[in-house]
Amino acid sequence: MQSIWTKTCEIEKRDAIHKDMKCNTAVIGAGLAGILTGYRLKEKGIDAVILEASNIAGGQTKNTTAKITSQHGSIYSRLLKQFGSEKAKQYANANQEAVKAYESLVVSLNIDCDFEYADAYIYSLSDEKMLVEEQKTAKLLGLPAEFVSSVKLPLRIKGAVKFTNQAQFNPLKFIKRISSELQIYENTPVKAIEENTLTTATGNKIQAENIVFATHFPFINSPGCYFARMHQERSYVVCFENGAGIDGMYIDFEAGGLSFRNYNQYLLIGGENHRTGENTDGGRYNYIINNANQLFPGIKEVTRWSAQDCITTDGVPYIGKYSTKTPDRYVATGFMKWGMTSSMVSAEIISDMITGRKNKNAEVFSPQRYSVNDVKQTCVDEVKSIKCLIKEPLAPAPVTLSDLSPGHGKIVSDKDGKRGVYKDFDGTVYVVDIKCPHLGCQLEWNPDEKSWDCPCHGSRFDYRGKLIDNPAQKDLKGRTK
Ligand code: FES
């Protein structure tokens, strides 16, 4: 599985770190948020070093649908009720300014990244009233929102909210140019942080006055306790040729609906969101493909991929100080499903904080905010985590190894206890420990991606046990039979 971005753009490799060093700011993570933060810091005269455990844009950045928009589903009606008008306006301003900031970088640096203006739509097949409320709220907050009754999609909609002059691009072509002048070390995982010293897997020490965590999900459990304030969700994308030109970027108002956008001659259709670790039946890509065939007859699959998003308890990213106990550490996480503008917002806020400037939009994103809703949602998440923790030792495993067909994975039980087993088409059997190395929850099989996924905080491993997604930091113990 490979995204259309990795199929169309390759970024030059960088060396791993092999020396000790000192810098003003160490940014951990070379995804879009880390790279843009490094870029903004450089513009402001700060010496920043970016440390990446794998490759530039090798995490979720390569898996996005790359819609640059301040239209984040139907967030504004909710934000107004939950946070009040001042903070809702900060959120709206920060994201609308982020759209403009992309445009400005692309124009000023003449970046060839297939950037184009496109209107963004949230449509509904069943509910016009909620859309009207969302449009009025967004307009009130100063966003370019209008209500329309038809769109260029083969769907019978009740209406849509249109945000004009948003944008779409190829994120890897953009990041390739933006990262070119930055000091980045690839294949350099940070294994420990003590005070202001980071230690890499090779034992090299980096002393930094400031540390920015741009690692998708923060890998340090305490302080901050982000694992108790977020869960992760997966979604799936299929790229087709012979699809129509749909003249915009679209997302369904209802949870679980489909999203659409063009990229050059291709049509990207996404959806099928679910909490990580809750896809034991599979069939997610098939659902998208079946719908695509009905909506756009003659369409042909080019490639498919999936993405993972951090979901915060109150639906707003955590951007700012990592915790009250660590004044020199910063975090950018919980982007919900809106990584393009949230990455730019993170870069603006964190670079302003490090350089002592006031950022007028920062307060709503403060990771130090807490609300009744936070507590409620944390309880829901923790109940799920506890169920997964006690499931590991207690629940019976459903099958034995002899029940397993080639190409399938299952949790099996025998005299050695419960283990995760995958049998490939050659008959080789891969056995892994199914206890998540993060905090010990039981992993679940994801048949669409042949991976072991954790329902608690979203760590993921391939069928051999190799770590794919954090917050876990270790591979699973595994062997072949
Ligand atoms: Fe936290 Fe698995 S990701 S226990």
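Below is a summary of the structure that appears in this document. Predicted model only: the values in this text are computed from it and were never measured.

1. Digging into the packing of helix H3 (residues 75–83) against helix H4 (residues 85–108)
- Running from amino to carboxyl end, H3 crosses H4 at an angle of 145°, the nearest separation of the two axes being 7 Å. Where H3 abuts H4, its residues Ile75, Tyr76, Leu79, Leu80 and Phe83 lie against Ser85, Lys87, Ala88, Tyr91 and Ala92.
- Looking at the contact of H3 with H4 residue by residue, the classes come out as eight nonpolar, one polar and one charged.

2. Focus on the sheet that holds strand E24 (residues 467–469)
- Read across the open sheet, the four strands follow the order E21-E22-E23-E24; overall the sheet is antiparallel. The open sheet is flanked by strand E21 (444–446) and E24, the only strands paired with a single partner. Direction aside, the axes of adjacent strands within the sheet are offset by 35° on average.
- Here E21 runs beside strand E22 (residues 451–453); their pairing, made up of three bridges, is antiparallel. The residue of E22 that forms the bridge with Asn446 is Ser451.

3. Regarding the pairing of strand E13 (residues 259–263)
- Among the five residues of E13, five are classified as buried, and the element is accordingly described as predominantly covered.
- As consecutive antiparallel partners, strand E12 (residues 249–252) and E13 are separated by six residues, and within that stretch Gly256 has a phi angle of approximately 90°, a positive value.
- When E13 meets strand E14 (residues 266–275), the two strands line up antiparallel, connected through five bridges. Paired with Ser259 across the bridge in E14 is Gly270.

4. A few points about the nonpolar core
- Ile35, Leu36, Tyr76, Tyr102, Phe169, Phe174 and Phe365 are the most contacted members of the largest nonpolar core, which totals 79 residues.
- Sorting elements by how many residues they give to this core places H4 first, with 10 residues.
- Filtering out sequence-adjacent residues up to four positions away, Tyr102 remains in contact with Leu32, Leu36, Ile68, Phe115, Phe169, Phe174, Met340, Thr341, Ser343 and Met344.
- Counting residues in hydrophobic clusters, the runner-up holds 26 residues, among them Tyr185, Ala228, Met230 and Tyr322.

Conventions and cut-offs
- Residues numbered from 1 in each chain as written.
- Predicted model: local features only at pLDDT ≥ 70, side-chain atom pairs only at ≥ 80, totals over all residues.
- Heavy atoms only, no water.
- Axes fitted to C-alpha atoms, helices over the stretch in contact; angles between N-to-C directions.
- Helix = DSSP H or I, 4+ residues; strand = E, 2+ residues; numbered from the N terminus.
- Contact = heavy atoms within 4.5 Å.
- Nonpolar A, V, L, I, M, F, W, Y, C, P; charged D, E, K, R; others polar.
- Pairing = 2+ DSSP bridges.
- Buried < 20%, exposed > 50% of the residue type's maximum accessible area, 1.4 Å probe, protein only.
- Core = buried A, V, L, I, M, F, W, Y, C linked by side-chain atoms within 4.5 Å.

By themselves, these observations are geometric and do not establish any function.
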